[in-house]
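Descriptive analysis of the structure
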Amino acid sequence: MGISHVAPHVMVGPVRGHSSSGLLLSTSPFTLTSRIHGRNKKKGHPVHLRACSKRMVQNCPKVCGIISSYRAADSVKCQCQRVEGFGEITTEDGNGKWGREAVSKASQILGDVNAQTVIGLDKGSTSNDEKSVHAGAPKHAPKKRRGNSVEDEAWRLLRESVVYYCGSPVGTIAANDQSDGNLLNYDQVFIRDFIPSGIAFLLKGEYDIVRNFILHTLQLQSWEKTMDCHSPGQGLMPASFKVRTVPLDGDDSATEEVLDPDFGEAAIGRVAPVDSGLWWIILLRAYGKCSGDLSVQERIDVQTGIKMILKLCLADGFDMFPTLLVTDGSCMIDRRMGIHGHPLEIQALFYSALLCAREMLAPEDGSADLIRALNNRLIALSFHIREYYWIDMRKLNEIYRYKTEEYSYDAVNKFNIYPDQIPPWLVEWMPDKGGYFIGNLQPAHMDFRFFSLGNLWSVISSLATTHQSHAILDLFEGKWSDLVADMPLKICHPALEGQEWRIITGSDPKNTPWSYHNGGSWPTLLWQLTVACIKMNRPEIAARAIKVAERRIAEDKWPEYYDTKQARFIGKQARLYQTWSIAGFLVAKLLLDKPDAARSLWNEEDVEIINAWNVMVDTKPRKRGRKVLKKTYII
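Quick look at the structure, then. (Residues numbered from 1 in each chain as written. Predicted model: local features only at pLDDT ≥ 70, side-chain atom pairs only at ≥ 80, totals over all residues. Heavy atoms only, no water.)

**With respect to the pairing of strand β15 (residues 435-442)**
- Here β15 lies mainly inside the structure; eight of its eight residues are buried.
- The pairing of strand β14 (residues 390-392) with β15 spans three bridges and is classified as antiparallel. Its bridge partner lying in β15, Asp392 is registered against Gly435.
- Taken together, the four bridges between β15 and strand β16 (residues 445-451) define a ladder with antiparallel strand orientation. Looking at β16, one finds that Gln442 is bridged to His445. (Buried < 20%, exposed > 50% of the residue type's maximum accessible area, 1.4 Å probe, protein only. Helix = DSSP H or I, 4+ residues; strand = E, 2+ residues; numbered from the N terminus. Pairing = 2+ DSSP bridges.)

Right under this line is the structure:
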């Protein structure tokens, strides 16, 4: 899909350029169109988003690789010399400064008298850190811990992970572990990985990096995505992107920065990231809530981006269910783990993204059909998940007594689940108080594993009822030794073992039992636990988990994940200084200090959906034919 096939997206804010006196910023809100860099798009070759070119100091300024529609000048010029120091840098919307004023603020945050040197903004000096910001991801190894607390170190590491594009912050790399020579794609900016980083910056009042991230990734949405002569649907957001420095066309003495996205063509398993677009919508709403700047979500290109994601998710297909049908590895669990079908994580994010999108979509005639489809899907999805995914001791006993092979429109066992599918571990593990949403549901198949992210986001998004939300938190309390143990939080429980592991994972050496996605413990999930606990007015659960993490996570150098049943070992292939482990911890701490800020992250329970849910529950069993409800729930 070329750019001409959709409503044009526009570039981010002002154009920045380097000069000998510092970084020049234009405050004129003009619209930009981008050029494509690369070979023939029709053949599926990579394409890149062009940035300003960088010329050597001795050369004259040259027009950037961006064409401006701003009529005050015939072209946008960029004095793109490399500089040895930064001057004062002020953002166009006045939200904050990424320059001299940030230094004094950083001094307070980090408790470091040498904050200017750490951040690399001291005037008139040149540091390796400063030079690295022009080439995207930082290339220095993380410094040793300093300061008076774990939070001090976490903030310093988070800031060191920031990636710059044309002098502006646009995201954070996945990990800054320089001890591992095989970077793979951990030096890229991942959509899902940046979410806790973005929220941490929002809670600190540093909005520009999130705004830049939202708008630059939106630009990448328009690129044509092709693998083996096939292109996915419009609206797909990339899994990640990397800032690359390449020679400028026709001039060997100059370079330019380009954004190189990955839509799954280079990913292990070549799976498209279904969750990227959902997370993007959720972060967009959080940005507006935290900053008060609604102008971003009101932009035409942003509104178009939201609609493209929704149309991709709401497209008609063969499925009889309101849930999204996806392949294995299309979300945080990005390797083969038997979650293909209708995994809970995707459904919870889908529901949340629908609510966020409805809140942000501008009311106009062209959106009426989309909003109608959105509302209908919200009602059907909430009923489906609450009714068929929920399991507690009562429901488990009901499944145990199921009759099978029921051919009728009012069957109780609608998915023909065989009672023998109930695993022995669940009979012993299910507490009398508490419950959860199962991991997946398909004809004749229920995945009874507990998945933390899907259940926590069901609470956050109000996909779960109030009763179900409290029951999920009761389960965390009752099964603390299994789900939290020595480091929060188990990504799923229990692990696949033995023959089951060999068949379902294909004998994946990275997903061995109680490691990585197969029962590993992921510190980044701590922030989602905190939001869910604050929403349900039970912050003491999150505080207890944070205290567990705080005991060792910094000493362990902020690992990506932990192994073993009790999370006693650092993961055998875990990257150190994992950015979303750092950011997840920071967000959890910030939210406990200011619980009201969590309101910008959760979705309130919708009254119309509650009413529709009650009507559907009261009218069971449902018989064939058209049913006319007493009230239509279309907004």
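**Quick word on the nonpolar core**
- Grouped together as the largest cluster of nonpolar side chains are 163 residues, with contacts concentrated most on Trp280, Tyr436 and Trp558.
- Looking at which element gives the most residues to this core, the answer is helix α10 (residues 344-360), with twelve residues.
- Apart from the residues lying within four places of it in its own chain, the contact partners of Trp558 are Val150, Glu153, Ala154, Leu157, Ile553, Arg575, Leu576, Tyr577, Gln578, Ser581, Ile582 and Phe585. (Core = buried A, V, L, I, M, F, W, Y, C linked by side-chain atoms within 4.5 Å. Contact = heavy atoms within 4.5 Å.)

**Details of unusual backbone geometry**
- Cis geometry is found at the peptide bond from Pro488 to Leu489, where omega equals 15 degrees.
- Within the secondary structure, Leu489 sits in the loop between α16 (480-483) and β17 (492-493).
- Of note, the amide linkage connecting His493 to Pro494 takes the cis form, showing an omega dihedral of -5 degrees.
- One can find Pro494 in the loop between β17 and α17 (498-505).

**Section: the pattern of salt bridges**
- Enumeration over the complete set of coordinates arrives at 23 salt bridges.
- Ionic pairing is found between Glu359 and Lys289, a salt bridge with its closest N-O pair at 3.3 Å. Note that Glu359 is positioned in helix α10 and Lys289 in helix α7 (residues 274-291), a separation of 70 residues in sequence.
- When its relative accessible area of 41% is taken as the criterion, Glu359 is described as partly exposed. (Salt bridge = Lys/Arg side-chain N within 4 Å of Asp/Glu carboxyl O.)

**Considerations on the packing of aromatic side chains**
- Taken as a whole and judged by the stated rule, the model has 19 aromatic pairs.
- Taking the centre distance of 6.5 Å and the plane angle of 35 degrees together, the rings of Phe213 and Phe241 count as tilted. Placement of the pair is Phe213 in helix α6 (residues 208-221) and Phe241 in strand β12 (residues 240-248), with a sequence separation of 28 residues. Phe241 matches Phe213 in its accessibility class, with the two residues each being buried.
- When the ring of Trp429 is compared with that of Tyr436, the centres are 6.1 Å apart and the planes differ by 75 degrees; the resulting orientation is edge-to-face. Per residue, the accessibility class of Trp429 equals that of Tyr436, and both read buried. (Phe/Tyr/Trp six-rings, centres within 6.5 Å; stacked < 30°, edge-to-face > 60°.)

**Focus: the side chain of Thr505**
- Here Thr505 lies in helix α17.
- A polar contact of 2.6 Å, which involves the side chain of Thr505, links it to the backbone oxygen of Trp501.
- A distance of 3.3 Å separates the side chain of Thr505 from the backbone nitrogen of Ser507, its partner in a polar contact.
- Those residues in contact with Thr505, other than ones at most four positions away along the chain, are Arg336, Met337, Leu496 and Glu500. (Polar contact = N/O pair within 3.5 Å; in protein donor to acceptor, adjacent residues only side chain to side chain.)

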